[in-house]
Amino acid sequence: AAFDLLISLYAGFVSEHCTRYLRPGGWLLVNPSHGDVAMAATDSRFELAGIVRSRSGSYRASTDRLGEYLIPKRDVVSIDEIRRTGRGVAYTKSAYAYVFRRVE
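Residues numbered from 1 in each chain as written. Predicted model: local features only at pLDDT ≥ 70, side-chain atom pairs only at ≥ 80, totals over all residues. Heavy atoms only, no water.

**Remarks on the sheet that holds strand 2 (residues 22-30)**
An order of 1-2-5-3-4 is seen for the five strands of this open sheet, with the pairing classed as mixed. Two strands lie at the open edges of the sheet, namely strand 1 (3-8) and strand 4 (58-62), each paired on one side alone. Across the sheet, the mean angle from the axis of one strand to that of its neighbour is 20°, orientation sign disregarded. Inspection of the sheet shows strand 3 (residues 46-55) paired to strand 4 by five bridges, in the antiparallel sense. Bridged to I51 within strand 4 is S62. (Pairing = 2+ DSSP bridges. Helix = DSSP H or I, 4+ residues; strand = E, 2+ residues; numbered from the N terminus. Axes fitted to C-alpha atoms, helices over the stretch in contact; angles between N-to-C directions.)

Okay, here's the thing in structure tokens:
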């Protein structure tokens, strides 16, 4: 619990395997490519703190309207299914990346 930031961009389940190294109050930056967003979203140790949008090579972080994100398009698959397939959940509104804060 000594690090302030974990980054999981196209890296797999970083949140599942490395959260113990992230201090409470620390940040997890993750994109949805391999299911790590879904893993973090269902982990009570994390809360969504922001999103990152991408457009034409520019990136912008935002904390606006976070309640519109992480709403599944279909029934949510189990954590075991996410692990087995290495695929995330399709959401009704997506972002390039998500910023979670470790709350416990």
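**Observations concerning the nonpolar core**
Core analysis: the largest hydrophobic core is formed by 21 residues, its most contacted members being L28, Y98 and F100. Elements with a minimum of two residues in this core: strand 2, helix 2 (36-41), strand 3 and strand 5 (97-102). When residues in this core are grouped by element, the largest group, four residues, is from helix 2. (Core = buried A, V, L, I, M, F, W, Y, C linked by side-chain atoms within 4.5 Å. Buried < 20%, exposed > 50% of the residue type's maximum accessible area, 1.4 Å probe, protein only.)

**Considering the pairing of strand 5**
With five of six residues buried, strand 5 lies mostly within the body of the structure. With four bridges joining them, strand 2 and strand 5 adopt antiparallel strand pairing. Across the sheet, L28 pairs through a bridge with F100, a residue of strand 5. Two elements, strand 3 and strand 5, share six bridges in a ladder whose sense is antiparallel. Paired with E47 across the strands is R101, a residue of strand 5.

**A closer look at the packing of aromatic side chains**
All told, the structure shown has three aromatic pairs when counted by the stated rule. On the numbers, 6.3 Å between centres and 70° between planes, the contact of F46 with F100 is edge-to-face. Taken as a pair, F46 in strand 3 and F100 in strand 5 lie far apart in primary sequence, 54 residues in all. By the burial criterion, F46 is buried, and F100 matches it. Taken together, a centroid distance of 6.4 Å and an interplanar angle of 80° make the contact between Y69 and Y98 edge-to-face. Pair noted here: Y69 is in the loop between strand 4 and helix 3 (79-85) and Y98 is in strand 5, with a separation of 29 residues, a long-range link. (Phe/Tyr/Trp six-rings, centres within 6.5 Å; stacked < 30°, edge-to-face > 60°.)

Note that every value here comes from positions in space, so none of it alone points to a role or purpose.
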